[in-house]
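Coordinate analysis (summary)
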Amino acid sequence: IEMDVFSRYSEQEQSRLVKKDGTLNLRHQQLAWGNPLYTENAIVLKWASVLQLVIMTFFGSWLSFAFAYWMMEYINGNLCEDLGDLNTCANNDTEKMQNTRCVDGVYDFNSALLFSVEKMVTIGYGHRALTDNCPFIIFLATFQSLFGVLITGIMTGLLMSKFQMPGLRKNFIWFSREAVVLIRNKKLYLVVKV
């Protein structure tokens with residue numbers, strides 16, 4: 001917060017914190033870059049930036065976990081990307097594929113991404129479900145659920161803080177039209193409503 005030095009008022013009025021009309025002689029400056037992970041910096045961002053931060057956080061999380069699910073199926077040789085039609089691949093699971101599959105219904109990156117989104121936002125999976133063949137995937141799915149609750153809570157808190165920021169009324173102080181002079185502790189005081 002800086003004093004407004006580009007004002008058309010005299011030097012004496014520029015040194016005032018509150019102008020005679022009740023407006024504040026302050027202006028808020030946004031830093032060129034501030035770490036948006038700090039709540040104070042994220043709250044003062046513009047609405048477009050806050051919404052972009054929320055969307056990118058969720059998409060980044062979904063893509064990261066989808067890549068992990070896809071990679072586990074790739075390592076086990078259970079992907080159908082080279083076999084053409086996914087319906088044929090899904091219906092023709094060999095016994096080896098069924099014994100090594102970590103997530104039923106994940107045959108390519110798109111289905112891994114859908115499973116990642118389903119895992120984070122719901123409990124029901126439809127036809128995609130974890131199997132007990134891969135303990136790491138069970139741990140990863142548990143971690144994704146906890147991480148999803150964490151970032152949902154943080155982003156909800158950020159949006160609530162942003163909604164509670166004062167809008168147009170933040171730069172005005174209104175004074176009452178009447179004032180009272182009173183004596184307290186043998187001193188005169190001027191009292192006005194702000």
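A brief look at the structure comes next. (Residues numbered from 1 in each chain as written. Predicted model: local features only at pLDDT ≥ 70, side-chain atom pairs only at ≥ 80, totals over all residues. Heavy atoms only, no water.)

1. Some points on the environment of Gly105
As a reminder of what qualifies: By definition, any uninterrupted DSSP run of H or I lasting at least four residues is a helix, any uninterrupted run of E lasting at least two residues is a strand, and each is numbered from the N terminus. To sort residues, take the accessible area from a 1.4 Å probe on protein chains only and compare it with the maximum for the residue type: under 20% means buried, over 50% means exposed, and anything in between is partly exposed. The contact rule is simple, with two residues in contact once any of their heavy atoms fall within 4.5 Å.
Topologically, Gly105 is positioned in the loop between strand E3 (103–104) and helix H6 (109–121). Taking relative accessible area as the criterion, Gly105 reaches 5% and is therefore assigned buried. For the pair Gly105 and Phe115, spaced 10 residues apart in the sequence, the C-alpha separation amounts to 8.3 Å. The contact partners of Gly105, leaving out residues within four places of it in the chain, are Ser111, His127 and Arg128.

2. Let's talk about a nonpolar patch on the surface
For clarity, the cut-off: For patch detection, residues must exceed 30% relative accessible area and be free of salt bridges, and they are connected within 9 Å for like charges or within 5 Å for nonpolar side chains (Val, Leu, Ile, Met, Phe, Trp, Tyr). Using a 1.4 Å probe, accessible areas were evaluated by the Shrake-Rupley method; residue-level cover was limited to the displayed protein chains. The working definition used for a salt bridge is a side-chain nitrogen of Lys or Arg within 4 Å of a carboxyl oxygen of Asp or Glu.
Together, Trp47, Leu51, Ile55, Met56, Phe59, Leu63, Met160 and Phe163 give the surface a local cluster of nonpolar side chains, amounting to about 830 Å² of exposed area. Contributing elements (two or more residues each) for the nonpolar patch: helix H3 (47–76) and helix H7 (135–164). The greatest single-element share of the nonpolar patch, amounting to 6 residues, is contributed by H3. Within the secondary structure, Ile55 sits in helix H3. Assessed through its relative accessible area of 44%, Ile55 is described here as partly exposed.

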